[in-house]
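Observations on chain architecture
Residue strings, one per chain:
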Amino acid sequence: MKKNRRDFIRKVSALGLMAGITKWAHAAEWSANTPAADSLMNGQAEEIGYTQQPLSYAFNALEPYIDALTMEIHYTKHAAGYTKNLADACQTEKVDTAAVTLVSLLNRISNYSVRMRNNGGGHYNHEFFWRSLQPAVSTTPNLPQGELAAAIVRDFGSLENFQNQFTDAGKNRFGSGWAWLVKSADGKLKVGSTPNQDNPLMDIGELKGTPILGLDVWEHAYYLKYQNKRPDYIKAWWSLVSWKVAEERYTKG
Ligand code: MN3
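All values derive from a computational prediction rather than experimental measurement.

1. Describing the pattern of salt bridges
Opposite charge on two side chains lets them pair, provided their charged atoms get close. In this structure the tally under the stated criterion is eight salt bridges. Put simply, R115 and D88 hold a salt bridge, and the shortest N to O gap is 3.8 Å. With R115 in helix α5 (residues 114-131) and D88 in helix α3 (residues 68-92), this residue pair connects regions lying 27 residues apart in the sequence. For R115, a relative accessible area of 36% corresponds to the partly exposed category. Given a relative accessible area of 24%, D88 falls into the partly exposed group. Between K244 and E248 there is a salt bridge, with its nearest N and O atoms 3.5 Å apart. Separated by four residues within a single helix, K244 and E248 lie in helix α10 (residues 243-252), roughly one turn from each other. With a relative accessible area of 37%, E248 lands in the partly exposed category.

Given below as structure tokens:
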């Protein structure tokens, strides 16, 4: 028994040492942070800068699906807060934001604080989210086209199956988080969700890949208009999706 226990401890220590070596290897790779190395790791995930960008539409432009007051508070308070806290975390943790892209920071987020993870994810996810939306301009159904439409049918069977899976991912995310459509390393589309402000670019969690679409299912994203009815908010959101932007992400990713 005693010998088994000693063996066990020895094995666990060896694993610990290996984890240390892996972390060290990560650090070495980090210092050799070339674009080529990043693109090998990430495909071509959409790069997003460290500052909050102006919206390309007015706060009331997404009515009636997302109301103006929700958009204003969401953008000027919640999202702006993540951006500010990310800048503070970068200063404290000595991240040179001129040299390190946000995508590569997120790829190595396990090396940083929880504050960096929450606010780095929070900033990226919101900038990504705003760019995924467009005002609903017509009464015809808002549908994917081209290569992405074909890939959705290939990997989910039908658009309806994909939308049902995505809706379930958002609906069933307990508490706060995000639903995602990602392009996996094998090129296939996949639906999933992440808690809090985590995202599929981070080297933690189960869902990994190039983000194609992300839906904020925190209550602050819908509560004023939809209260507890998250599924109604998700249903309305489909009218606002910019399939053009999604397709660009898919073909580059
Ligand atoms: Mn939000």
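2. Quick look at the coordination of the manganese ion
Coordination sphere of the manganese ion, protein contribution only: H74 (NE2), H126 (NE2), D216 (OD) and H220 (NE2), at 2.0 to 2.2 Å. In primary-sequence terms, the residues that donate to the manganese ion follow H-x51-H-x89-D-x3-H. Of the two residues, H74 sits in helix α3 while H126 sits in helix α5, which places them 52 residues apart along the sequence. When sorted by exposure, H74 lands in the same class as H126, which is buried.

3. Concerning the sheet that holds strand β1 (residues 177-183)
Pairing within the open sheet is antiparallel, and its three strands lie in the order β2-β1-β3. Each having just a single partner strand, β2 (189-195) and β3 (210-216) make up the two edges of the open sheet. Going across the sheet, the axis of each strand differs from the next one's by a mean of 25°, ignoring polarity. Summarising the sheet, β1 and β3 pair through six bridges and their orientation is antiparallel. Looking across to β3, one finds that W178 is bridged to D216.

4. Topic: the packing of helix α6 (residues 146-156) against α10
Packing of α6 against α10 brings their axes to within 8 Å, and their N-to-C directions diverge by 75°. Judged by the inter-axis angle, α6 sits roughly perpendicular to α10. Where α6 abuts α10, its residues G146, E147, L148, A151, I152 and R154 lie against W243, A246, E247, Y250 and T251. Tallied by class, the residues present in the contact of α6 with α10 amount to six nonpolar, two polar and three charged.

5. A few points about helix α9 (residues 230-237)
Taken together, the buried positions of α9 are occupied by R230, Y233, I234, A236 and W237. Along the long axis of α9, the arc covered by the buried residues comes to 160°, so they all point the same way. On its buried side, α9 packs onto α5, α7 (159-171), β3 and α8 (223-226).

6. Side note on unusual backbone geometry
Backbone torsion omega between E63 and P64 reads 0°, so that peptide bond is classified as cis. Relative to the helices and strands, P64 is located in the loop between α2 (35-42) and α3. Phi at K94 is positive, roughly 55°, even though this residue is not glycine. Exposure remark for K94: the relative accessible area of 72% places this residue in the exposed category. One non-glycine residue, N196, lies in the positive phi region at around 55°.

7. Thoughts on the environment of A89
Relative to the assigned elements, A89 resides in helix α3. Separated by 23 residues in sequence, A89 and Y112 have C-alpha atoms that sit 9.3 Å apart.

8. Notes on the side chain of T194
For T194, the position within the fold is in strand β2. Only 2.7 Å separates the side chain of T194 from the backbone oxygen of D198, close enough to count as a polar contact. Contacts of T194, omitting those with residues within four sequence positions, involve R173, S176, G177, W178, W180, N199, P200 and L207.

What counts and what doesn't
- Residues numbered from 1 in each chain as written.
- Predicted model: local features only at pLDDT ≥ 70, side-chain atom pairs only at ≥ 80, totals over all residues.
- Heavy atoms only, no water.
- Salt bridge = Lys/Arg side-chain N within 4 Å of Asp/Glu carboxyl O.
- Helix = DSSP H or I, 4+ residues; strand = E, 2+ residues; numbered from the N terminus.
- Buried < 20%, exposed > 50% of the residue type's maximum accessible area, 1.4 Å probe, protein only.
- Donors = N, O, S within 2.8 Å, 3.2 Å for Na, K, Ca; no water.
- Pairing = 2+ DSSP bridges.
- Axes fitted to C-alpha atoms, helices over the stretch in contact; angles between N-to-C directions.
- Parallel < 35°, antiparallel > 145°, perpendicular 65-115°, else oblique.
- Contact = heavy atoms within 4.5 Å.
- Nonpolar A, V, L, I, M, F, W, Y, C, P; charged D, E, K, R; others polar.
- Arc of directions from axis to C-beta.
- Polar contact = N/O pair within 3.5 Å; in protein donor to acceptor, adjacent residues only side chain to side chain.

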